[in-house]
Amino acid sequence: MIFKRNGILIALVVALAVIPLMIPGLSDREEPFAGADGQAEGVIVQSHPGYKPWFEPFWEPPSGEIESMLFALQAALGAGVLAYYLGYRRARAKFQEKSPEHVSH
Amino acid sequence: MHIMEGYLPPAHAAAWTAVSLPFVVVSARKVVKIFREKPKAKLLLAACGAFVFVLSALKLPSVTGSCSHPTGTGLGAILFGAAVMPLLGAIVLLFQALLLAHGGLTTLGANVFSMAVAGPWVAYALFRLLRGTGRSLGFSTFLAATLGDLTTYVVTALQLAVAFPDPVSGFQGAAIKFLSVFAVTQIPLAVSEGLLTVLVVNLVLKYSRDELEETAILAGGVQ
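Residue positions are given per chain, counted from 1 along the sequence in the order it is written. Key to labels: chains lettered from A, ligands numbered from 1, both in the order written. For this predicted model, a pLDDT threshold of at least 70 governs which residues receive local features, and a threshold of 80 or more governs which side-chain atom pairs are given and counted, while totals over whole chains, interfaces and linings are taken from all residues.

**A few points about the overall build of chain B**
Part 1 of the reasoning: Strands here mean DSSP runs of E at least two residues long; helices mean DSSP runs of H or I at least four residues long; both are numbered from the N terminus. A count of helices and strands for chain B gives 7 helices and 2 strands.
Part 2 of the reasoning: The order of helices and strands in chain B, counted from the N terminus, is α-α-β-β-α-α-α-α-α.
Part 3 of the reasoning: Taken over C-alpha atoms, the radius of gyration comes to 17 Å for chain B, in line with the 17 Å a tight globule of 223 residues would show.
Part 4 of the reasoning: By its C-alpha atoms, chain B is 55 × 35 × 30 Å across when sized along the principal axes.
Part 5 of the reasoning: Taking all contacts inside chain B whose residues are at least 6 apart in sequence as the whole, residues at least 24 apart take part in 73%. Based on C-alpha atoms, the radius of gyration is set beside the globule rule, defined as 2.2 Å times the residue count to the power 0.38. The contact criterion used is a C-beta to C-beta distance within 7 Å, with each C-beta placed from the backbone.

**Digging into the overall build of chain A**
Part 1 of the reasoning: A tally of helices and strands in chain A yields 3 helices and 1 strand.
Part 2 of the reasoning: For 105 residues, the compact-globule estimate of 2.2 N^0.38 gives 13 Å, and the C-alpha radius of gyration of chain A, at 23 Å, exceeds that figure by more than 25%.
Part 3 of the reasoning: Principal-axis analysis of the C-alpha atoms places the extent of chain A at approximately 70 × 40 × 25 Å.
Part 4 of the reasoning: Across the 105 residues of chain A, 16% fall into the buried class. Residues with at least 20 neighbouring C-beta atoms inside 10 Å of their own are called buried, those with 12 or fewer are called exposed, and the rest are partly exposed, where every C-beta is derived from the backbone.

**Brief notes about the sheet that holds strand S1 (residues 60–61) of chain B**
Part 1 of the reasoning: With mixed pairing, the 3 strands of this open sheet are ordered in space as S1(A)-S2(B)-S1(B). Of all the strands in the sheet, the pair left with one neighbour each is strand S1 (34–35) of chain A together with S1 of chain B.
Part 2 of the reasoning: Criterion used throughout: strands pair if DSSP finds at least two bridges between them. As paired elements, S1(A) and strand S2 (residues 66–68) of chain B share 2 bridges and run parallel to each other. Residue pairing across strands places Gly35(A) opposite Cys67(B), the latter belonging to S2(B).

**Regarding the environment of Thr156(B)**
Residues and elements named next belong to chain B.
Part 1 of the reasoning: Looking at the secondary structure, you find threonine 156 in helix H6 (residues 137–163).
Part 2 of the reasoning: The buried category is assigned to threonine 156, around which 30 C-beta atoms lie within 10 Å.
Part 3 of the reasoning: When the C-alpha positions of threonine 156 and phenylalanine 80 are compared, they lie 24 Å apart, and in sequence the two are 76 residues distant.
Part 4 of the reasoning: Ignoring anything within four residues of it in the chain, the contact list for threonine 156 reads Met1, Ile3, Ser114 and Phe182.

**A short note on the packing of helix H2 (residues 42–57) of chain B against helix H4 (residues 85–99) of chain B**
Residue and element names in this part refer to chain B.
Part 1 of the reasoning: Axis angles are defined between N-to-C directions and span 0 to 180 degrees, where every axis is a line fitted to C-alpha atoms and, for a helix, only to the segment in contact. With their axes 10 Å apart at the nearest point, H2 and H4 run at an angle of 40° to one another. Between H2 and H4, the interaxial angle falls into the category oblique. Note on packing geometry: the crossing formed by H2 with H4 is right-handed. Contact with H2, carried on its side by Cys48, Gly49, Val52, Phe53 and Ser56, involves Leu88, Gly89, Ile91 and Val92 of H4 and no other residues of that element.
Part 2 of the reasoning: When residue character is reported, Ala, Val, Leu, Ile, Met, Phe, Trp, Tyr, Cys and Pro are called nonpolar, Asp, Glu, Lys and Arg charged, and the others, Gly included, polar. Residues belonging to the contact of H2 with H4 are distributed by class as follows: 6 nonpolar, 3 polar and no charged. The scheme is simple: roughly parallel for angles under 35 degrees, roughly antiparallel for over 145, roughly perpendicular for 65 to 115, oblique for anything else. Two helices cross in a left-handed way if the nearer one is turned anticlockwise from the farther one by less than a right angle. They cross in a right-handed way if the turn is clockwise.

**Some remarks on the interface of chain A and chain B**
Part 1 of the reasoning: Tallying the contact residues gives 51 residues for chain A and 56 residues for chain B.
Part 2 of the reasoning: Listed by contribution, the elements that provide at least two residues to the side of chain A that touches chain B are helix H1 (6–22), S1, helix H2 (36–47) and helix H3 (64–98) of chain A.
Part 3 of the reasoning: Among the elements that take part in the side of chain A that touches chain B, H3(A) stands out by supplying 15 residues, more than any other.
Part 4 of the reasoning: A per-class count over the side of chain A that touches chain B returns 35 nonpolar, 7 polar and 9 charged.

**Re the nonpolar core**
Part 1 of the reasoning: Core analysis: the biggest nonpolar cluster contains 93 residues, and Phe51(B) and Phe178(B) have the highest contact counts within it.
Part 2 of the reasoning: Ignoring any residue separated from it by four or fewer positions in sequence, one finds Phe178(B) in contact with Ala40(A), Val43(A), Ala157(B), Leu160(B) and Ala161(B). By our criterion, buried Ala, Val, Leu, Ile, Met, Phe, Trp, Tyr and Cys residues that link up through C-beta atoms within 7 Å make up a nonpolar core.

**So, unusual backbone geometry**
Glycine aside, the phi torsion of most residues is negative, and most peptide linkages are trans.
All names here are of chain A.
Part 1 of the reasoning: Even without being glycine, phenylalanine 33 reaches a positive phi, approximately 50°.
Part 2 of the reasoning: Summarising the element assignment, phenylalanine 33 is placed in the loop between H1 and S1.
Part 3 of the reasoning: Judged by the 18 C-beta atoms lying within 10 Å of it, phenylalanine 33 falls in the partly exposed class.

Have a look at this one:
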């Protein structure tokens, strides 16, 4: 069963991310791989040209670099906590396996 | 799925905030209850929140030639039930609204509803249904997380179609346009989310089976 093979799961996720980049033509578009959120804004502007956003963000990342830094920070925080959990549990499971007499709950 | 700041008319923004707020309040109570009654599950719950942090930061390319991101909310819904997700999702969306200008405060209610209420509930209900009808844990997890992710984007598209019906073709025409932006792009990403959720569930099962059994949090048991 493929769902039990973690290596296959990872390979499939990587393939799903890489395949779109290899599809001919997609990268040559005017705005290749633009964000869907921004495209939705385009649909609104097109059908309701008079609409003005009535509220502005208090703060916006001043550049694309700062924005990508903050996204990286968000991913790093999440990955850090997740890896801490899995590493902690893995070590604990290993320790219990080796010395069952020390198991305590 | 982030509706941008100011992009929902005030009445819509207020209505979605009113709809989502009770879910977040109930969710906060549920999380406090888990912390008090099942202290051993604290770390796993934090890991579920962390999964949402990682996945919603990953903008992935899709076959439509645009980019979007998974949500990561299926994992927590499957392990703890959908009721814990509104709080976790609201924290992530608030982080992104304040620091990244992604989404916004006026659209927070609508975004919480799509990402942290609708998606997790579909994932949870589907997971229970599939497990109840004897499907394997891996398959149930995959389908639940995938369709939960997709639900979030369908809901976002419908929220926008209600707020911005097409002048000619009305709600239906607008729904088709927004769905083609959000839902079609999302299909391969939703599959990625399903696969990654199975991966984490596999690892959790491998290393903390006792924890899942003790706390009985995995809906329908671990078998």
